[in-house]
Amino acid sequence: MDRLATWISRLFGWALLFLSAFVALETVLRKLFNTSLQGADELGGYILAAGAALSFVVAMIDRAHIRIDVLHARFPLRVQAALDWVSVVSLGVLGLFFLYVGWFVIGDTLDYGSTAATPWRTPLIWPQSAWYAGLVIFAFCAFAMAYRATRLFLSGDHRRLASEFNPSSAEDELAEELDQLKSR
């Protein structure tokens, strides 16, 4: 899963670099030549929509979703395991909800043959398909993690569940940053 998160992060990073170059070119063309390529804002919206859906995956894999963990470390290991299990299963349910609601958006777009109200008149099924694909990847990863957490929880392997699914502490994040600094 770490490789998937790295791949998604790089893909989104390259997409943002492309978008930055496109906006810069658009700005120069407008200022110097009084012309426009049209659609920089439209393209930016598409990239951000797909990237946002994929960022859910990266946040989940890196355990970066916001959880209030002030008391978490003070609970007994079994309570921590139960809370971690509930949080992972909740993400799986959220992934299912995203797929359910997103499918209606896709269905409406197909039913109406919707296009963007911009000069490009992009058929909205294209960017929405990329957005929905990101939601599918999130849901698949959330289900895989929920399955893993459920197996660990039901088998009573609370230590392993805690090591894999506990929220990262400030000390863990600091150690990770220092390791990355050393590798540079």
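The text that follows walks through the structure, step by step, so that each part is easy to find. (Residues numbered from 1 in each chain as written. Predicted model: local features only at pLDDT ≥ 70, side-chain atom pairs only at ≥ 80, totals over all residues. Heavy atoms only, no water.)

1. Notes on the packing of aromatic side chains
All chains considered together, the criterion is met by eight aromatic pairs. For the pair Phe98 and Phe138, a centre-to-centre distance of 6.0 Å together with 45° between the ring planes defines the contact as tilted. Separated by 40 residues along the polypeptide, Phe98 in helix α3 (residues 77–112) and Phe138 in helix α4 (residues 125–155) bring together distant segments of the chain. Taking the relative accessible area as the measure of exposure, Phe138 reaches 1% and is therefore buried. Aromatic ring contacts, followed pair by pair, group Phe56, Phe98 and Phe138 into a single cluster. (Phe/Tyr/Trp six-rings, centres within 6.5 Å; stacked < 30°, edge-to-face > 60°. Helix = DSSP H or I, 4+ residues; strand = E, 2+ residues; numbered from the N terminus. Buried < 20%, exposed > 50% of the residue type's maximum accessible area, 1.4 Å probe, protein only.)

2. Things to note about α3
For α3, built from 36 residues, the straight-helix expectation of 52 Å at 1.5 Å per residue is met to within 8% by its first-to-last C-alpha distance of 53 Å. Within α3, the full set of buried residues consists of Gln80, Ala81, Asp84, Ser87, Val88, Leu91, Gly92, Gly95, Leu99, Gly102, Ile106 and Thr109. Elements that come into contact with the buried residues of α3 comprise α2 (40–61), α4 and α5 (158–165). Where α3 terminates, the next one or two residues include Gly113, which has phi positive at roughly 60°. (Expected span 1.5 Å × (residues − 1). Contact = heavy atoms within 4.5 Å.)

3. Considerations on the pattern of salt bridges
Close approach of charged atoms allows side chains with opposite charge to pair. The tally for this structure, following the rule as stated, stands at three salt bridges. Between Glu26 and Arg30 there is a salt bridge; the shortest N-O distance is 2.8 Å. Within this pair, Glu26 and its partner Arg30 are both found in helix α1 (residues 2–33), separated by four residues, close to a single helical turn. Here Glu164 makes a salt bridge to Arg148, at a shortest N to O gap of 2.7 Å. One end of the pair, Glu164, is in helix α5; the other, Arg148, is in helix α4, with 16 residues separating them in the sequence. The class for Glu164 is partly exposed, based on a relative accessible area of 25%. (Salt bridge = Lys/Arg side-chain N within 4 Å of Asp/Glu carboxyl O.)

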